[in-house]
Amino acid sequence: VRSEILGENTEGELHLSPTNPFRASPKEQRTKRPFQGQTPVHTPHTEPQHNKQNEKQTPTNTTKQYSHIGEDQATELDTTPVLSPQKICVTAQVHRDPVETQNSPLELDRELLEFLEGSPPSPPKPTTYKPKRHINTDKKMTDWSLTVTKKWLFIGDSNLARMPMHSIPDLQIDSYPGANFRHAQGILSNATSEVTVEKVLLSFGLNARAQKVKETSIKQLQAAVRLAKNKFPYAEIWIPKINYSSFLPTQEKLNLQLLNAYIFRNMPYIESLERDKFLTEVDHIHWTRTTAKSMFDHWVSHLNLKAP
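Note that the coordinates shown come from a computational prediction; the quantities given were computed from them, not determined experimentally. Numbering of residues begins from 1 in every chain and follows the order in which that chain's sequence is written. At least 70 in pLDDT is required for a residue's local features to be given in this predicted model, at least 80 for side-chain atom pairs to be given and counted, and no such filter applies to totals for whole chains, interfaces and linings, which use all residues. Side-chain descriptors were evaluated using all non-hydrogen atoms of the structure, hydrogens and water having been removed beforehand.

### Re unusual backbone geometry
At step 1: One non-glycine residue, His284, lies in positive phi territory at about 65°.
At step 2: Labels follow the DSSP assignment, with helices taken as runs of H or I lasting at least four residues and strands as runs of E lasting at least two, numbered in each case from the N terminus. By the element assignment, His284 lies in the loop between β8 (269-270) and α9 (289-303).
At step 3: Positioned with a positive phi, Asn304 is a non-glycine residue whose angle comes to about 60°.

In C-alpha cells:
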C-alpha cells in the first residue's frame, strides 16, 4: 500500500498515487498559498519510512519547507507600508505694521525728473520789499539819517510808510514822520550812498501847510532840491504835486495851492493823484491804505520803474 501511495523520488519530492488522485503531493502543499486573511492549514499525515538516502535528505527538505512558508506569510500578511519619519514644520502668520521703505537716491532723482516732465515748474515767488519808517523824534535834524542802497529813491513824510510792499528790487522808500522841506535838507546833507542813484523823489510839503509860502515854504523847497542835486549828481530829481483833503482849513488849502503852483512852474514834477482816488483818514492828513497803493502805482508808472 505504501508503495502505491508514496512513490520514491530521489529528489525528496512526493507525487500523487494513481489510486488516490485527490491527495496533493507534499510539493503542491508547500507551494499552495492561503487566501489573504486565512491561516494556512496543513493536513497531518504519517511520515513514511525512507531509506537511508531519504533520511539524509529529510532535514534539508523540512528546513526548506518551513523557510519557504515563513517568507510567503511575511509577504502576504504584512502589507502595512513602512512610514519614514518626516520633519513637521509649523508656521505662524504675524501681523505687523507696514514699514515705509526709502527709495534710493537714483530712484528719487528719476521720480523727480518724471514729475518735472509731467508738470511745468512753478515760478519762484518774487522777493518783496517794504518801506522803512524812521523813528518819531523831536530832534529831527540830528536823529534822522539816510543810507542809500538802491538806485531809485523815494523819501518823504509819514504817508510813505503806508505804501504797500513791492517787488522792485532797485527801489528804496524811506518815511520820516512829521517831516517838511526843512527837515529834508538835514536828511540829505547827512545822507550816504553805496550806489549811483539815478532817480530821487521828494514827497514833502503837506506838513508845511501852515507856513508862509513865499517867505518859508518855497525857500525850503529850493534848498532841498539843491542839496539833492549835489548829493546825487547823476540822478533825476522829481517833486510830486501835493494831494490834500478838502476838509482842511481854508488858509491851509490856500497855502498848498500856491505851493503846487510854484512846483508846476519851476520843478520837474509829477501830477497829483485824481480826486476820486484820493481819501484820507479822519484826521484829514494821513492817506488810507488804498490811497497809498494808488499813489505808489501812480509814481511808479510815471517814473517808469519796473522790476527786471
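### Details of the side chain of Thr137
At step 1: Examined against the element boundaries, Thr137 turns out to sit in the loop between β1 (132-133) and α5 (140-143).
At step 2: On the accessibility criterion, Thr137 (14% relative accessible area) is buried.
At step 3: Under the rule applied, a polar contact is a pair of N or O atoms within 3.5 Å (in protein, one hydrogen donor and one hydrogen acceptor; residues adjacent in sequence only if both atoms are side-chain atoms). At a separation of 3.1 Å, a polar atom in the side chain of Thr137 contacts the main-chain amide nitrogen of Lys139.
At step 4: Here Asp143 takes part through its side chain, which lies 2.5 Å from a polar atom of the side chain of Thr137.
At step 5: If we ignore the near neighbours within four places in the chain, the residues touching Thr137 are Asp143 and Trp144. Using a 1.4 Å probe on the protein chains alone, a residue whose accessible area is under 20% of its type maximum counts as buried, one over 50% counts as exposed, and one in between counts as partly exposed. The contact definition used throughout considers only heavy atoms, calling two residues in contact when any of these lie within 4.5 Å.

### Quick notes on the side chain of Lys140
At step 1: Looking at the secondary structure, you find Lys140 in helix α5.
At step 2: Buried within the structure, Lys140 lacks any salt-bridge partner; its nearest side chain of opposite charge belongs to Asp138, at an N-O separation of 4.9 Å.
At step 3: Within the structure, the side chain of Lys140 is placed 2.9 Å from the backbone oxygen of Thr137, a separation counted as a polar contact.
At step 4: The residues touching Lys140, leaving out its near neighbours within four places in the chain, are Pro177, Gly178 and His183. Under the counting rule used here, the positive set is Lys and Arg, the negative set is Asp and Glu, and His together with the chain ends is not counted. We define a salt bridge as a contact between a side-chain nitrogen of Lys or Arg and a carboxyl oxygen of Asp or Glu at a distance within 4 Å.

That is the geometry; function is a separate question.
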